[in-house]
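Coordinate inspection notes
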Amino acid sequence: MNINTSFECEICGTITNCRIGMSNRAEQPLGFCCQECGQRIDIVIGGKHAGITGAIELKAQVPFDDETNFVDLHLDFPVYFGKYVMGHTPYLRAVERIGPENIQRHSARLSHLDACYTKFGFFQTLLKFYTREKWVPFKKAIEKQFSGAVISDKMQDRNAALYKTIAEIMWPFAMPGQASNDIEQYMGVQLYLAENHRPAFHAFIDEILETKFLKNLQVACLGIYPRILKAELPLRPALFLDFDAAYQKQTIPMRVSADQFDDFKDLYKDIAEIISRQFVLVAGLNNLLKRGDHNVFKPEIGMTKSGKDQTPKSLHAFTDIPFGQKGDFIDDNWFTFGEQAADNQLRNAIAHFKTDYDDITQKITYYPRKEGMKQEKSEVIYFLDFMQRVLVAYREMNRLHQLIKSLFYYHYLIQTAENTG
Ligand SMILES: [Zn+2]
């Protein structure tokens with residue numbers, strides 16, 4: 001369903017014709033900026049906050065004429081500013097761009113979010129019970145809120161219930177098919193190591209367990225899921241881009257304030273930080289696969305042109321190497337990182353330097369290079385692109401979280417059984 005309506009800007013009086021395509025979400029916060037003066041116009045449909053700010057709603061003169069500014073709004077797709085064409089709704093335009101099959105996939109993801117967003121709070125609480133090891137409420141919450149089961153007090157059964165619930169809640173953000181491919185590869189690597197380098201592989205697992213490295217990393221990963229769910233609305237148009245390879249620079253259909261942008265910026269930074277630590281597991285396994293010892297990097301892989309050997313002496317030493325350089329010390333990596341998953345320029349800019357966000361144009365200006373006091377060379381990306389980067393980074397973190405999961409399983413099911421049996 002679509003609604004045609006017109007808004008008169010409170011500041012400059014300019015009229016914008018607006019066609020709003022209805023999403024199925026109970027509350028739909030939409031927004032755009034007056035194209036004349038930049039005034040923010042917010043429209044909330046449904047829910048407790050329903051109403052309009054920044055403009056006065058007028059009775060629409062339909063069909064819309066060509067002279068008046070026009071915007072198409074739909075929570076589930078990128079925004080279109082341009083010429084009004086009767087019947088050419090945001091939904092129809094999206095179908096044209098990505099085809100009916102992909103529209104169904106996109107819609108299935110969003111329907112899932114629409115249907116379960118009242119559970120997001122319970123989910124966050126559930127993760128807290130797990131990380132604080134409150135096993136009785138954890139079990140109750142799994143059974144009551146997520147119709148799952150914790151079949152025993154063994155850690156492997158708690159983990160099974162936890163990861164099943166995560167997969168159920170979070171699947172709209174995953175790339176279809178990715179998880180099963182990854183799990184297969186992780187199992188393959190572990191079986192190979194168990195057969196060929198068993199004591200060394202177990203020594204690696206012992207070290208990452210004793211230092212709590214694996215546990216801390218797991219807890220950090222768990223902390224990201226509720227934050228991705230909180231970013232659900234601005235991520236919707238980014239999810240659309242999975243299917244729209246030829247996408248042109250566009251904006252998203254809701255207003256995102258500078259404060260909100262700061263939250264997403266921190267989210268991106270924190271995910272990148274986790275990936276950097278997950279890299280350590282990848283490197284340890286790579287050393288085991290190639291040399292049968294998680295601490296042994298390829299000799300002289302870190303040799304500089306001036307003859308200084310920076311090859312890490314141990315996996316522990318590797319941990320502290322900056323994110324952007326970690327890849328240089330892994331020979332013929334068994335794990336393939338996704339494209340753009342580790343965009344070091346953007347990550348660095350966000351972690352260490354200044355970024356400017358203009359909430360009217362939705363443009364982010366960042367300064368990727370260190371250049372002393374002056375920050376002159378800037379790059380610009382749209383907020384929508386940025387949210388796509390968040391999504392890509394999240395997926396990479398989640399892929400490697402599955403590696404953490406499978407290392408725990410190996411420990412519970414094989415290593416522990418061996419030690420006690
Ligand atoms: Zn205006």
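Everything below is about the structure shown above.
The following refers to the structure shown. Nothing here was measured: the structure is a model prediction, and the numbers come from that model. (Residues numbered from 1 in each chain as written. Predicted model: local features only at pLDDT ≥ 70, side-chain atom pairs only at ≥ 80, totals over all residues. Heavy atoms only, no water.)

With that settled, the discussion passes to the coordination of the zinc ion. Protein-derived ligands of the zinc ion are Cys9 (SG), Cys12 (SG), Cys34 (SG) and Cys37 (SG), with the metal-ligand distances lying across 2.3 to 2.4 Å. Around the zinc ion sit four donor atoms; with metal-centred angles ranging over 102 to 114 degrees, the donor geometry is tetrahedral. Each donor residue of the zinc ion lies on the same chain, and together they follow the pattern C-x2-C-x21-C-x2-C. Residue class for cysteine 34 comes out buried when judged on its relative accessible area of 3%. (Donors = N, O, S within 2.8 Å, 3.2 Å for Na, K, Ca; no water. Tetrahedral: all angles 85-135°; square planar, octahedral: opposite > 155°, others 65-115°. Buried < 20%, exposed > 50% of the residue type's maximum accessible area, 1.4 Å probe, protein only.)

Between the first and last C-alpha of helix H3 (residues 135-146) there are 15 Å, a value that for twelve residues agrees with the 16 Å anticipated at 1.5 Å per step. Burial in H3 covers these residues: Trp135, Phe138, Ala141, Ile142, Gln145 and Phe146. Each buried residue of H3 sits inside an arc of 125 degrees when the element is viewed along its axis, so together they form one side. For H3, exposure combined with an orientation more than 90 degrees from the buried face picks out Val136, Lys140 and Lys144. Where H3 is buried, its residues touch helix H2 (120-131) and helix H4 (155-170). The positive-phi residue at the C-terminal boundary of H3 is serine 147, with phi of around 40 degrees. (Helix = DSSP H or I, 4+ residues; strand = E, 2+ residues; numbered from the N terminus. Expected span 1.5 Å × (residues − 1). Arc of directions from axis to C-beta. Contact = heavy atoms within 4.5 Å.)

All right, on to the packing of aromatic side chains then. One pass over the full model with this rule turns up 26 aromatic pairs. Look at phenylalanine 201 and tyrosine 410: their rings are 4.8 Å apart centre to centre, the planes differ by 50 degrees, and that puts the pair in the tilted class. One end of the pair, phenylalanine 201, is in helix H6 (residues 198-210); the other, tyrosine 410, is in helix H13 (residues 383-420), with 209 residues separating them in the sequence. For the pair phenylalanine 261 and phenylalanine 383, a centre-to-centre distance of 6.4 Å together with 70 degrees between the ring planes defines the contact as edge-to-face. One end of the pair, phenylalanine 261, is in helix H9 (residues 258-291); the other, phenylalanine 383, is in helix H13, and 122 residues separate them in sequence. Of the residues examined, phenylalanine 383 reaches a relative accessible area of 0% and is grouped as buried. Among the aromatic side chains, those forming a connected cluster through ring pairs are Tyr186, Phe279, Phe323, Trp334, Phe335 and Phe337. Above the ring of tyrosine 117, the side-chain terminus of arginine 25 is found at 4.1 Å from the ring centroid. Of note, lysine 326 hangs over the ring of phenylalanine 318, and the distance from its end group to the ring centre comes to 5.8 Å. (Phe/Tyr/Trp six-rings, centres within 6.5 Å; stacked < 30°, edge-to-face > 60°. Lys NZ or Arg CZ within 6 Å of the ring centre and 35° of its normal.)

Attention shifts here to a positive patch on the surface. On the surface, a cluster of positive charge is contributed by Lys128, Arg132, Lys134 and Lys230. Residue position: lysine 128 is located in helix H2. By relative accessible area, which is 40% here, lysine 128 ends up partly exposed. (Patch = residues over 30% accessible without salt bridge, like charges linked within 9 Å, V, L, I, M, F, W, Y side chains within 5 Å. Areas by Shrake-Rupley, 256 points an atom, 1.4 Å probe, with all protein chains shown as cover. Salt bridge = Lys/Arg side-chain N within 4 Å of Asp/Glu carboxyl O. Lys, Arg positive; Asp, Glu negative; His and termini not counted. Charge placed at Lys NZ, Arg CZ, Asp CG, Glu CD.)

Where burial is concerned, most of strand E7 (residues 69-74) is hidden: five out of the six residues are buried. Sheet topology note: the strand E2 (residues 15-21)/E7 ladder contains six bridges and is parallel. Bridging from a neighbouring strand, cysteine 18 pairs with valine 71 of E7. When E7 meets strand E8 (residues 80-81), the two strands line up antiparallel, connected through two bridges. For valine 71, the partnering residue across the bridge sits in E8 and is phenylalanine 81. The hairpin turn running from E7 into E8, its antiparallel successor, is five residues long. (Pairing = 2+ DSSP bridges.)

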